[in-house]
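One letter stands for each residue in the lines below.
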Amino acid sequence: MGLTYRIYLNGNRIFGCNKCRTHLSTTESIISKAFQGQHGRAYLFETVVNVEEGPSEDRNMTTGLHTVKDIFCSRCRSVLGWKYERAYEQSQRYKEGKYILEKQLLTEVN
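Now for a look at the structure at hand. (Residues numbered from 1 in each chain as written. Predicted model: local features only at pLDDT ≥ 70, side-chain atom pairs only at ≥ 80, totals over all residues. Heavy atoms only, no water.)

1. Looking at the layout of surface pockets
Then comes step 1: Roughly 210 Å³ of volume is contained in the largest pocket.
Then comes step 2: In this structure, the largest pocket is lined by Phe35, Gln36, Gln38, Arg59, Asn60, Met61, Thr62, Thr63, Trp82, Tyr84 and Lys95.
Then comes step 3: For the lining of the largest pocket, the secondary structure elements donating two or more residues are β3 (30–37), β5 (51–61) and β7 (79–87).
Then comes step 4: With 3 residues, β5 is the largest single contributor of residues to the lining of the largest pocket.
Then comes step 5: When grouped by side-chain class, the residues that make up the lining of the largest pocket number 4 nonpolar, 5 polar and 2 charged. (1 Å grid on protein atoms, 1.4 Å probe; cavity = no way out; pocket = protein on both sides within 12 Å on 5 of 7 lines; lining within 4 Å. Points joined across faces, edges and corners; volume = space filled by probe spheres on them. Helix = DSSP H or I, 4+ residues; strand = E, 2+ residues; numbered from the N terminus. Nonpolar A, V, L, I, M, F, W, Y, C, P; charged D, E, K, R; others polar.)

Spelled out as structure tokens, the structure:
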């Protein structure tokens, strides 16, 4: 097992893991704030950094069946949300390759 390098972000508002404050994404990467996670409100992001992905699994969600991977903080290993791998409904394909971060699991880092 080698060293883990973390990426540090620049921007007006930086979101980090609420347990260890590791940088995850910025407000400029938010696509939508109108999502629901397991712990309440969630944001759809174009890109995130400093996360590790779990195995792919099919999940039935409110918008249909999706193949997703849970994502974890690369520093403290806390679950933060998930990554959309595949959407089975055509109208949901815009989510593919995007990330959900749950608001309750985030903190603002400056």
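2. Regarding the sheet that holds strand β1 (residues 14–17)
Then comes step 1: Read from one edge to the other, the open sheet built from 3 strands follows the order β2-β1-β9, with strand pairing classed as antiparallel. The outermost strands of the open sheet, each flanked by one partner alone, are β2 (23–26) and β9 (106–109). For this sheet, the mean inter-axis angle between neighbouring strands, taken without regard to orientation, is 40°.
Then comes step 2: Here 3 bridges tie β1 to β2, and the two strands are oriented antiparallel to one another. Each bridged residue has a counterpart across the sheet, and for Gly16 the counterpart in β2 is His23. (Pairing = 2+ DSSP bridges. Axes fitted to C-alpha atoms, helices over the stretch in contact; angles between N-to-C directions.)

3. Considerations on unusual backbone geometry
Residues other than glycine predominantly adopt negative phi, and peptide bonds predominantly adopt the trans conformation.
Then comes step 1: Unusually for a residue other than glycine, Arg21 sits at a positive phi of about 65°.
Then comes step 2: Assignment of secondary structure puts Arg21 in the loop between β1 and β2.
Then comes step 3: Unlike most non-glycine residues, Arg77 shows phi in positive territory, near 70°.
Then comes step 4: The topology assignment puts Arg77 in the loop between β6 (64–73) and β7.

4. Remarks on the nonpolar core
Then comes step 1: Membership of the largest hydrophobic core comes to 15 residues, with the highest contact counts inside it found for Phe45, Leu80 and Leu101.
Then comes step 2: Among the elements of the structure, β1, β4 (40–45), β6 and β8 (99–102) are those that each provide at least two residues to this core.
Then comes step 3: Contact partners of Leu80, with chain neighbours within four places excluded, come to Cys17, Leu24, Val51, Ile71, Phe72, Cys73, Ile100, Leu101, Glu102 and Leu105.
Then comes step 4: Of all hydrophobic cores here, the second largest spans 7 residues; its members include Ala42, Leu44, Val68 and Ile100. (Core = buried A, V, L, I, M, F, W, Y, C linked by side-chain atoms within 4.5 Å. Buried < 20%, exposed > 50% of the residue type's maximum accessible area, 1.4 Å probe, protein only. Contact = heavy atoms within 4.5 Å.)

5. Thoughts on the pattern of salt bridges
Two side chains of opposite charge can pair, provided their charged atoms sit close to one another.
Then comes step 1: The tally for this structure, following the rule as stated, stands at 9 salt bridges.
Then comes step 2: One salt bridge connects Asp70 with Arg59, and the closest N-O pair in it is separated by 2.6 Å. With Asp70 in strand β6 and Arg59 in strand β5, the pair connects residues that are 11 residues apart, well separated along the chain.
Then comes step 3: For Asp70, a relative accessible area of 23% puts it in the partly exposed group.
Then comes step 4: When its relative accessible area of 15% is taken as the criterion, Arg59 is described as buried.
Then comes step 5: Note that Glu96 is salt-bridged to Arg93, the shortest N-O span being 3.5 Å.
Then comes step 6: On the accessibility criterion, Glu96 (29% relative accessible area) is partly exposed.
Then comes step 7: You can call Arg93 partly exposed: its relative accessible area is 32%.
Then comes step 8: Members of the salt-bridge network, linked through shared partners, are Glu53, Lys69, Lys83 and Glu85. (Salt bridge = Lys/Arg side-chain N within 4 Å of Asp/Glu carboxyl O.)

By themselves, these observations are geometric and do not establish any function.
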